[in-house]
Number of protein chains: 2
Amino acid sequence: MESYVVGVDIGGTGTKFGIVDKDGNVLFSGEMSTKKHLQVNTFIDELHAHLSEMIEKVGGFGRIRGIGIGAPNGNIYTGTIEYAPNLPWKGIIPFAKMVQDKFKIPVKLTNDANAAAVGEMMYGAAKGMKDFIMITLGTGVGSGIVANGQLIYGHDGFAGELGHTVIIPNGRKHTGTDQLGSLESYTSATGVAESAKEILSQSDRPSVLRTINIDEITSKDVYEAAIKGDEVAKEVFEFTGKILGIALANFVMFSNPEALILFGGLTKAGDLILKPTRETMEANLIEIFQNKVKILISHLKESDAAILGASALMWE
Amino acid sequence: MESYVVGVDIGGTGTKFGIVDKDGNVLFSGEMSTKKHLQVNTFIDELHAHLSEMIEKVGGFGRIRGIGIGAPNGNIYTGTIEYAPNLPWKGIIPFAKMVQDKFKIPVKLTNDANAAAVGEMMYGAAKGMKDFIMITLGTGVGSGIVANGQLIYGHDGFAGELGHTVIIPNGRKHTGTDQLGSLESYTSATGVAESAKEILSQSDRPSVLRTINIDEITSKDVYEAAIKGDEVAKEVFEFTGKILGIALANFVMFSNPEALILFGGLTKAGDLILKPTRETMEANLIEIFQNKVKILISHLKESDAAILGASALMWE
């Protein structure tokens, strides 16, 4: 009798989950809110309700080998979620144990971006690669690093927090971490909106973005303005791409990957962001790295990569 | 009959070499100039002369298993030295093959900092560690990264060029690479001398360094002035440490090492540089990494670490 695994991808806004077979087919999938749950218990209760229903459809809990979970600041060694700035639950949460107690089946947990990297390596753009870095540009900026064909977890299980590396010393303050000038403060969805506000308030240049209340501008608004040719909106992506390019150059000089795989909302802006990113990356690389590293956009369905990666934890 | 290996550490100024036994004892060692050899052939001829003499003392070439070499921009996959900014030989040099043709014994070549990292892991401060980063602060700034107990070589064999990561965008120009604001342009011996010149020429503050012709100030002069309490010299190390601290924070958030192992001339400045380094590193880390990562100074004899590491290539 075929067995399945459950993959769960917890994000700051929403959580996606699905039932996956051995070949990486997502048989059923669903979604729920993360941020409305101020308590982790009610979150797990709702997750249990959704998944129980779905698991019934594939023959009941007896068919489920376990649950693999990707979560921000998730730690594969301890099964805990620790001080995740973008989640409603503070401190150190023994998340894997709590889910295991509720579901009575094995649970493994890792960082959400690490899960996505495993998904890309098994089923996506990084298939067959031994050295690559996966970077998610979403509400936050996450990353998963594969070297020598293995995911790098690090000594405490927290490797690959590239969104928090400092790119502009004494730069923009990150409201979640209090750091100055970190990558995430510029190249997340929030960072793009912030850059738009800065550029708009520093000049009187015309822009369709001025029809929106300045405090309500989102990265989506900036994107929609940019594809219509709005110069200010295009400059926002240019600025964002330049900062991302410096960061990518640094990552390349760290682990010399074959490819950088970008994933998440901001990649929809295509060359508006990728062109300045590529150019700035190349300009900051030393000769031995120039014109070698591929920048690829993930081809997996956005909802699938992390679910697949998380589920892969249970096939190991 | 016991066999030995030869370890060779090629630096921009000088080259060190030694005969090493299985337990990591350096039986004989020597040194020669690198930079006086404008041709790689004459360099190899001189190296052959020195080593032949030394090899006779341990019983001849029949006792030598091979030669392990660490060199700047050395590539373990191809055995080539590629575009090394601090070496007199330009372009791509098939160095391992050239040495093998001359000596008629097996040769392996890798990056000098990678070799030093292997030396630390086998015989030094990183003994038993699975995740650490070795950073050499010398004429240049090199690095070797170990994760999951393995050296990270990367897709093209050039992983760990942390000295060339950009810390201050649009900062100081590196004369070798033309990059702006790279770590090496600030925290190498040359970088420290440069910072002293900048600080001296930007004010009239008294300093014993003013007794030296400004274009001839070396990092050693700055060190000697600083330990005598010279305020300007102390500020140079403070400034250098702050930049190093930002870089180290970024490296920690990349691979989450157990320790950072510092090696090379600048570490002699002790807390003059280490205190601002540590403080700035901690200030730039996100919570999950704070107060966890050790900053260690290599305890191996400076001449030994890279010779041991290079020799270890041949025991593998």
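These lines cover the structure that appears in this document, whether it is placed above or below. (Residues numbered from 1 in each chain as written. Chains lettered and ligands numbered in written order. Predicted model: local features only at pLDDT ≥ 70, side-chain atom pairs only at ≥ 80, totals over all residues. Heavy atoms only, no water.)

Turning our attention to the packing of helix α7 (residues 231-255) of chain A against helix α7 (residues 231-255) of chain B. Axes are the key here: two packed helices are described by the angle between their axes and the distance separating the axes. Direction vectors running N to C along α7 of chain A and α7 of chain B enclose 70 degrees, while the axes themselves pass 12 Å from each other. It follows from the interaxial angle that α7 of chain A and α7 of chain B lie roughly perpendicular. Two packed elements cross with a definite hand, and for α7 of chain A against α7 of chain B that hand is right-handed. Residue-level contacts link F251, F254 and S255 of chain A of α7 of chain A to F251, F254 and S255 of chain B of α7 of chain B. For the contact of α7 of chain A with α7 of chain B, the residue count by class is four nonpolar, two polar and no charged. (Axes fitted to C-alpha atoms, helices over the stretch in contact; angles between N-to-C directions. Helix = DSSP H or I, 4+ residues; strand = E, 2+ residues; numbered from the N terminus. Parallel < 35°, antiparallel > 145°, perpendicular 65-115°, else oblique. Left-handed = near helix turned anticlockwise from the far one by under 90°. Contact = heavy atoms within 4.5 Å. Nonpolar A, V, L, I, M, F, W, Y, C, P; charged D, E, K, R; others polar.)

All right, on to the interface of chain A and chain B then. Contacts between the two partners involve 45 residues from chain A, matched on the other side by 45 residues from chain B. In this assembly, chain A packs against chain B so that about 3900 Å² is buried in total across both faces, 62% of it on carbon and sulfur atoms. Counting the contacts that link chain A with chain B gives zero salt bridges. Every element with two or more residues in the side of chain A that touches chain B is listed here: β9 (141-147), β10 (150-151) and α7 of chain A. For the side of chain A that touches chain B, the leading source of residues is α7 of chain A, giving six residues. Each residue belonging to the side of chain A that touches chain B can be placed in one class, and the counts come to 23 nonpolar, 15 polar and seven charged. (Buried area = accessible area lost by both parts, 1.4 Å probe. Salt bridge = Lys/Arg side-chain N within 4 Å of Asp/Glu carboxyl O.)

Bringing the packing of aromatic side chains into the picture now. Residue and element names in this part refer to chain B. All chains considered together, the criterion is met by 17 aromatic pairs over all chains. The interplanar angle of 50 degrees and the centroid separation of 6.1 Å between the aromatic rings of F43 and F95 together place this pair among those described as tilted. Pair noted here: F43 is in helix α1 (residues 40-57) and F95 is in helix α2 (residues 95-103), with a separation of 52 residues, a long-range link. By relative accessible area, F95 is classed as buried at 0%. (Phe/Tyr/Trp six-rings, centres within 6.5 Å; stacked < 30°, edge-to-face > 60°. Buried < 20%, exposed > 50% of the residue type's maximum accessible area, 1.4 Å probe, protein only.)

Within the secondary structure, T187 of chain A sits in helix α4 (residues 183-187). C-alpha separation for the pair T187 of chain A and L244 of chain A, spaced 57 residues apart in sequence, amounts to 6.6 Å.

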